[in-house]
Amino acid sequence: MPTRFYPHADPACSRCHGLGYVVTPQGEFAQAAVCDCVPHCLRCGGSGRITITRGDDIVVGRCRCQMLPDRIRLFNRANIPARHANSSFMSFDKSADGVMPGFFAAMSWVQDFSPGEENQGMIFWGSVGRGKTHLLIATLRQLVFEHGVAVRFVEFSRLLSILKEGYSAGRSDTPVLEDLSQVPVLGIDEIGKGRLSEWELTIIDEVVSRRYNAMSCILGSTNYSPAVPSGNPPANLAVAEFEKQTLGDRVGHRVFSRLQQMCIFVQARGNDYRLVEGRRMQKTGPRLTPLPGGNAT
(Lines give C-alpha, C1' and ligand atoms only; values in the text may rest on other atoms or scores of the structure.)
Protein backbone atom coordinates (compact mmCIF):
# COMPACT_ATOMS: atom_id res chain seq x y z
CA MET A 1 0.00 0.00 0.00
CA PRO A 2 1.57 3.35 -1.04
CA THR A 3 2.49 5.82 1.68
CA ARG A 4 -0.31 8.33 2.24
CA PHE A 5 1.41 11.70 2.29
CA TYR A 6 -0.05 14.79 3.95
CA PRO A 7 -1.83 16.81 2.63
CA HIS A 8 -3.62 14.01 0.79
CA ALA A 9 -3.58 13.87 -2.99
CA ASP A 10 -6.81 13.47 -4.93
CA PRO A 11 -7.29 9.68 -5.43
CA ALA A 12 -9.19 10.43 -8.66
CA CYS A 13 -6.35 12.52 -10.14
CA SER A 14 -5.60 11.37 -13.69
CA ARG A 15 -1.97 12.58 -13.46
CA CYS A 16 -0.68 11.03 -10.23
CA HIS A 17 -3.47 8.51 -9.53
CA GLY A 18 -3.50 9.56 -5.88
CA LEU A 19 0.26 9.21 -5.31
CA GLY A 20 0.78 12.94 -4.87
CA TYR A 21 3.71 13.17 -7.27
CA VAL A 22 4.42 12.81 -10.98
CA VAL A 23 7.63 11.69 -12.65
CA THR A 24 8.62 12.97 -16.08
CA PRO A 25 11.77 12.74 -18.24
CA GLN A 26 13.81 15.93 -18.09
CA GLY A 27 17.03 15.80 -20.05
CA GLU A 28 19.12 12.79 -19.13
CA PHE A 29 17.23 11.91 -15.95
CA ALA A 30 13.73 11.34 -14.62
CA GLN A 31 12.54 14.04 -12.24
CA ALA A 32 9.63 14.03 -9.78
CA ALA A 33 7.42 16.93 -8.70
CA VAL A 34 4.46 17.45 -6.38
CA CYS A 35 1.24 16.95 -8.31
CA ASP A 36 -1.09 19.91 -8.79
CA CYS A 37 -3.87 17.97 -7.04
CA VAL A 38 -2.09 18.14 -3.65
CA PRO A 39 -3.84 20.88 -1.65
CA HIS A 40 -2.23 23.74 0.25
CA CYS A 41 -1.16 22.65 3.75
CA LEU A 42 -3.48 24.20 6.33
CA ARG A 43 -1.27 23.27 9.30
CA CYS A 44 1.73 25.38 8.31
CA GLY A 45 0.19 27.62 5.64
CA GLY A 46 2.72 26.31 3.15
CA SER A 47 5.74 27.48 5.14
CA GLY A 48 6.85 23.94 5.98
CA ARG A 49 7.33 24.88 9.65
CA ILE A 50 4.97 24.74 12.63
CA THR A 51 5.17 26.26 16.11
CA ILE A 52 3.96 24.26 19.11
CA THR A 53 3.60 25.62 22.65
CA ARG A 54 4.38 23.12 25.41
CA GLY A 55 3.84 24.80 28.74
CA ASP A 56 6.31 27.67 28.86
CA ASP A 57 8.32 26.31 25.91
CA ILE A 58 7.82 27.17 22.25
CA VAL A 59 9.00 24.48 19.84
CA VAL A 60 9.49 25.12 16.14
CA GLY A 61 9.69 22.14 13.83
CA ARG A 62 9.12 20.95 10.28
CA CYS A 63 5.57 20.24 9.25
CA ARG A 64 4.71 16.70 8.23
CA CYS A 65 3.65 18.05 4.83
CA GLN A 66 7.37 18.19 4.00
CA MET A 67 7.66 14.40 3.85
CA LEU A 68 6.63 14.30 0.19
CA PRO A 69 8.94 17.14 -0.96
CA ASP A 70 11.78 15.52 0.99
CA ARG A 71 11.29 12.22 -0.80
CA ILE A 72 10.97 13.92 -4.15
CA ARG A 73 14.37 15.53 -3.56
CA LEU A 74 15.81 12.09 -2.78
CA PHE A 75 14.35 10.69 -6.00
CA ASN A 76 15.68 13.59 -8.07
CA ARG A 77 19.20 12.89 -6.80
CA ALA A 78 18.98 9.18 -7.63
CA ASN A 79 20.02 9.60 -11.32
CA ILE A 80 17.14 7.50 -12.65
CA PRO A 81 17.39 7.55 -16.48
CA ALA A 82 14.77 9.58 -18.32
CA ARG A 83 13.69 6.49 -20.27
CA HIS A 84 12.60 4.91 -16.99
CA ALA A 85 10.47 7.78 -15.70
CA ASN A 86 7.50 5.39 -15.82
CA SER A 87 9.24 2.34 -14.36
CA SER A 88 7.36 1.38 -11.20
CA PHE A 89 5.70 -1.69 -9.74
CA MET A 90 2.35 -0.30 -10.89
CA SER A 91 3.46 0.05 -14.52
CA PHE A 92 5.29 -3.30 -14.69
CA ASP A 93 3.71 -5.57 -17.34
CA LYS A 94 2.38 -8.51 -15.34
CA SER A 95 0.65 -10.22 -18.26
CA ALA A 96 3.61 -12.14 -19.71
CA ASP A 97 4.15 -15.76 -18.73
CA GLY A 98 6.72 -16.33 -16.00
CA VAL A 99 7.21 -12.73 -14.83
CA MET A 100 5.30 -12.84 -11.53
CA PRO A 101 7.90 -14.68 -9.37
CA GLY A 102 10.45 -11.94 -10.08
CA PHE A 103 7.85 -9.23 -9.51
CA PHE A 104 6.72 -10.71 -6.18
CA ALA A 105 10.32 -11.21 -5.08
CA ALA A 106 11.02 -7.50 -5.66
CA MET A 107 7.83 -6.42 -3.87
CA SER A 108 8.58 -8.69 -0.92
CA TRP A 109 12.15 -7.43 -0.69
CA VAL A 110 10.99 -3.81 -0.44
CA GLN A 111 8.41 -4.68 2.21
CA ASP A 112 11.06 -6.41 4.32
CA PHE A 113 13.63 -3.61 3.93
CA SER A 114 14.71 -2.07 7.25
CA PRO A 115 16.07 1.49 6.91
CA GLY A 116 19.21 2.12 8.95
CA GLU A 117 20.00 -1.59 9.30
CA GLU A 118 22.09 -4.04 7.30
CA ASN A 119 19.95 -5.37 4.44
CA GLN A 120 20.77 -8.17 2.04
CA GLY A 121 20.81 -6.90 -1.53
CA MET A 122 19.17 -8.30 -4.64
CA ILE A 123 20.34 -8.84 -8.23
CA PHE A 124 17.98 -9.55 -11.12
CA TRP A 125 19.44 -11.81 -13.78
CA GLY A 126 18.19 -13.20 -17.05
CA SER A 127 18.13 -12.82 -20.80
CA VAL A 128 17.94 -9.51 -22.62
CA GLY A 129 14.62 -7.64 -22.48
CA ARG A 130 13.07 -9.47 -19.49
CA GLY A 131 12.34 -6.33 -17.46
CA LYS A 132 15.35 -6.52 -15.16
CA THR A 133 16.12 -2.81 -15.30
CA HIS A 134 12.43 -1.97 -14.86
CA LEU A 135 12.27 -4.08 -11.69
CA LEU A 136 15.56 -2.63 -10.43
CA ILE A 137 14.37 0.96 -10.86
CA ALA A 138 10.89 0.17 -9.53
CA THR A 139 12.56 -1.20 -6.39
CA LEU A 140 14.73 1.92 -6.00
CA ARG A 141 11.68 4.13 -6.55
CA GLN A 142 9.71 2.26 -3.91
CA LEU A 143 12.57 2.58 -1.42
CA VAL A 144 12.52 6.36 -1.88
CA PHE A 145 8.79 6.98 -1.67
CA GLU A 146 7.83 4.25 0.81
CA HIS A 147 10.86 4.26 3.13
CA GLY A 148 12.49 7.65 2.52
CA VAL A 149 15.81 5.98 1.70
CA ALA A 150 18.50 7.73 -0.36
CA VAL A 151 19.42 5.64 -3.41
CA ARG A 152 21.63 5.98 -6.46
CA PHE A 153 21.34 4.34 -9.88
CA VAL A 154 24.28 3.80 -12.20
CA GLU A 155 24.62 1.83 -15.42
CA PHE A 156 28.07 0.27 -15.24
CA SER A 157 29.30 1.25 -18.71
CA ARG A 158 28.03 4.81 -18.08
CA LEU A 159 30.02 4.87 -14.85
CA LEU A 160 33.14 3.95 -16.80
CA SER A 161 32.45 6.77 -19.27
CA ILE A 162 32.01 9.28 -16.45
CA LEU A 163 35.31 8.25 -14.88
CA LYS A 164 37.13 8.47 -18.23
CA GLU A 165 35.68 11.94 -18.84
CA GLY A 166 36.95 12.96 -15.42
CA TYR A 167 40.43 11.64 -16.12
CA SER A 168 40.53 13.59 -19.40
CA ALA A 169 39.59 16.76 -17.50
CA GLY A 170 42.25 16.12 -14.86
CA ARG A 171 39.77 15.08 -12.15
CA SER A 172 40.22 12.25 -9.69
CA ASP A 173 37.72 9.40 -9.59
CA THR A 174 37.55 9.68 -5.78
CA PRO A 175 34.42 11.90 -5.51
CA VAL A 176 32.40 9.63 -7.83
CA LEU A 177 33.46 6.42 -6.10
CA GLU A 178 32.95 7.97 -2.66
CA ASP A 179 29.36 8.86 -3.57
CA LEU A 180 28.69 5.31 -4.77
CA SER A 181 30.19 3.86 -1.60
CA GLN A 182 28.33 6.09 0.85
CA VAL A 183 24.76 6.18 -0.51
CA PRO A 184 22.55 3.81 1.57
CA VAL A 185 21.36 1.78 -1.45
CA LEU A 186 23.22 1.55 -4.76
CA GLY A 187 21.61 0.13 -7.89
CA ILE A 188 24.08 -1.11 -10.54
CA ASP A 189 22.60 -1.90 -13.94
CA GLU A 190 24.33 -4.24 -16.41
CA ILE A 191 26.82 -5.80 -13.99
CA GLY A 192 29.37 -7.71 -16.04
CA LYS A 193 29.06 -5.54 -19.12
CA GLY A 194 32.30 -4.34 -20.67
CA ARG A 195 35.51 -5.48 -22.30
CA LEU A 196 36.99 -7.06 -19.15
CA SER A 197 40.02 -4.78 -19.20
CA GLU A 198 42.14 -4.70 -16.07
CA TRP A 199 40.92 -1.17 -15.33
CA GLU A 200 37.25 -2.13 -15.68
CA LEU A 201 37.68 -5.08 -13.35
CA THR A 202 39.47 -2.81 -10.87
CA ILE A 203 36.52 -0.37 -10.85
CA ILE A 204 33.82 -3.00 -10.24
CA ASP A 205 36.04 -4.56 -7.57
CA GLU A 206 36.46 -1.22 -5.81
CA VAL A 207 32.75 -0.37 -5.92
CA VAL A 208 31.67 -3.77 -4.60
CA SER A 209 34.50 -4.04 -2.05
CA ARG A 210 33.78 -0.63 -0.54
CA ARG A 211 30.13 -1.50 -0.07
CA TYR A 212 30.98 -4.99 1.18
CA ASN A 213 33.28 -3.59 3.85
CA ALA A 214 30.72 -0.96 4.84
CA MET A 215 27.95 -3.63 4.96
CA SER A 216 25.95 -1.50 2.53
CA CYS A 217 23.17 -2.69 0.25
CA ILE A 218 23.57 -3.37 -3.48
CA LEU A 219 20.77 -3.86 -5.98
CA GLY A 220 21.64 -4.83 -9.52
CA SER A 221 20.88 -6.44 -12.84
CA THR A 222 22.91 -8.66 -15.12
CA ASN A 223 22.50 -10.72 -18.29
CA TYR A 224 24.84 -13.39 -16.93
CA SER A 225 23.93 -16.42 -14.84
CA PRO A 226 25.00 -16.18 -11.17
CA ALA A 227 27.67 -18.86 -11.21
CA VAL A 228 31.37 -19.12 -10.45
CA PRO A 229 33.88 -18.54 -13.24
CA SER A 230 33.55 -21.21 -15.94
CA GLY A 231 36.77 -20.37 -17.73
CA ASN A 232 34.93 -19.96 -21.03
CA PRO A 233 36.37 -17.15 -23.18
CA PRO A 234 34.13 -14.30 -24.41
CA ALA A 235 32.16 -15.31 -27.51
CA ASN A 236 32.03 -13.28 -30.70
CA LEU A 237 28.23 -13.04 -30.63
CA ALA A 238 26.57 -11.21 -27.74
CA VAL A 239 23.82 -13.80 -27.25
CA ALA A 240 26.30 -16.65 -27.20
CA GLU A 241 28.40 -14.67 -24.73
CA PHE A 242 25.47 -14.47 -22.29
CA GLU A 243 24.86 -18.20 -22.62
CA LYS A 244 28.46 -19.41 -22.33
CA GLN A 245 29.96 -17.04 -19.78
CA THR A 246 28.88 -16.63 -16.18
CA LEU A 247 28.79 -13.58 -13.95
CA GLY A 248 31.86 -15.01 -12.26
CA ASP A 249 33.65 -14.94 -15.62
CA ARG A 250 32.71 -11.30 -16.11
CA VAL A 251 33.57 -9.81 -12.71
CA GLY A 252 36.13 -12.23 -11.33
CA HIS A 253 35.98 -14.76 -8.50
CA ARG A 254 36.59 -12.23 -5.71
CA VAL A 255 33.79 -9.84 -6.73
CA PHE A 256 31.36 -12.67 -7.48
CA SER A 257 32.04 -14.28 -4.11
CA ARG A 258 31.23 -11.02 -2.36
CA LEU A 259 28.07 -10.48 -4.40
CA GLN A 260 26.96 -13.99 -3.45
CA GLN A 261 27.36 -13.12 0.22
CA MET A 262 25.76 -9.68 -0.10
CA CYS A 263 22.80 -10.41 -2.39
CA ILE A 264 20.07 -12.81 -3.36
CA PHE A 265 19.76 -13.55 -7.09
CA VAL A 266 16.30 -13.32 -8.66
CA GLN A 267 15.76 -14.65 -12.17
CA ALA A 268 13.71 -12.45 -14.49
CA ARG A 269 11.75 -14.63 -16.89
CA GLY A 270 9.20 -14.05 -19.61
CA ASN A 271 9.25 -12.71 -23.14
CA ASP A 272 11.63 -10.14 -24.60
CA TYR A 273 9.69 -6.94 -23.83
CA ARG A 274 11.53 -4.91 -26.43
CA LEU A 275 10.71 -7.42 -29.17
CA VAL A 276 7.05 -7.66 -28.11
CA GLU A 277 6.71 -3.88 -27.85
CA GLY A 278 8.35 -3.39 -31.24
CA ARG A 279 5.89 -5.77 -32.89
CA ARG A 280 2.94 -4.14 -31.11
CA MET A 281 4.00 -0.65 -32.23
CA GLN A 282 4.27 -1.84 -35.84
CA LYS A 283 0.64 -2.91 -35.64
CA THR A 284 -0.95 -0.20 -33.50
CA GLY A 285 1.46 2.74 -33.24
CA PRO A 286 3.01 4.11 -30.01
CA ARG A 287 1.10 3.77 -26.77
CA LEU A 288 -0.01 7.08 -25.27
CA THR A 289 -1.83 5.85 -22.17
CA PRO A 290 -0.66 7.71 -19.02
CA LEU A 291 0.85 5.41 -16.43
CA PRO A 292 0.53 5.85 -12.64
CA GLY A 293 3.03 8.34 -11.25
CA GLY A 294 4.57 9.14 -14.62
CA ASN A 295 4.13 10.49 -18.08
CA ALA A 296 2.82 8.76 -21.17
CA THR A 297 5.02 6.21 -22.94
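Further up the page is the structure itself.
**Student:** I'd like a rundown of helix α1 (residues 67-76), residues and numbers included.
**Tutor:** An α-helix turns once every 3.6 residues. As a result, residues three or four positions apart point the same way. Buried residues of α1: L68, R71, I72, L74 and F75, and no others. Down the axis, α1 shows its buried residues gathered within 155 degrees of arc, on one side only. In this fold, the buried residues of α1 make contact with β1 (21-26), β2 (29-34) and α3 (132-147).

**Student:** If you had to explain the packing of aromatic side chains to someone new, which residues and values would you point to?
**Tutor:** In the structure shown here, the tally under the stated rule is 8 aromatic pairs. Arranged with centres 5.6 Å apart and planes meeting at 35 degrees, the rings of F75 and F145 form a pair that is tilted. Taken together, the positions of F75 in helix α1 and F145 in helix α3 put the pair 70 residues apart, joining distant regions of the chain. Taken individually, F75 and F145 each receive the classification buried, so the pair is uniform in this respect. A ring pair is formed by Y167 and W199, whose centres lie 5.9 Å apart and whose planes are at 65 degrees; its orientation type is edge-to-face. Highlighted residues: Y167 in helix α4 (residues 156-168) and W199 in helix α6 (residues 198-213), separated in sequence by 32 residues.

**Student:** So what's going on with unusual backbone geometry? Which residues, and what values?
**Tutor:** Look at the link from Y6 to P7: it is a cis peptide, with omega at -5 degrees. Position of P7 relative to the elements: it lies in the segment before β1. Notably, H17 is not glycine yet its phi reads approximately 55 degrees, a positive angle. Of note, H17 is situated in the segment before β1. Not every positive phi belongs to a glycine, and N79 is a case in point at roughly 65 degrees. Among the secondary structure elements, N79 is positioned in the loop between α1 and α2 (100-112). Classification of N79 as partly exposed rests on a relative accessible area of 30%.

Rules used in this analysis
Residues numbered from 1 in each chain as written. Predicted model: local features only at pLDDT ≥ 70, side-chain atom pairs only at ≥ 80, totals over all residues. Heavy atoms only, no water. Buried < 20%, exposed > 50% of the residue type's maximum accessible area, 1.4 Å probe, protein only. Helix = DSSP H or I, 4+ residues; strand = E, 2+ residues; numbered from the N terminus. Arc of directions from axis to C-beta. Contact = heavy atoms within 4.5 Å. Phe/Tyr/Trp six-rings, centres within 6.5 Å; stacked < 30°, edge-to-face > 60°.

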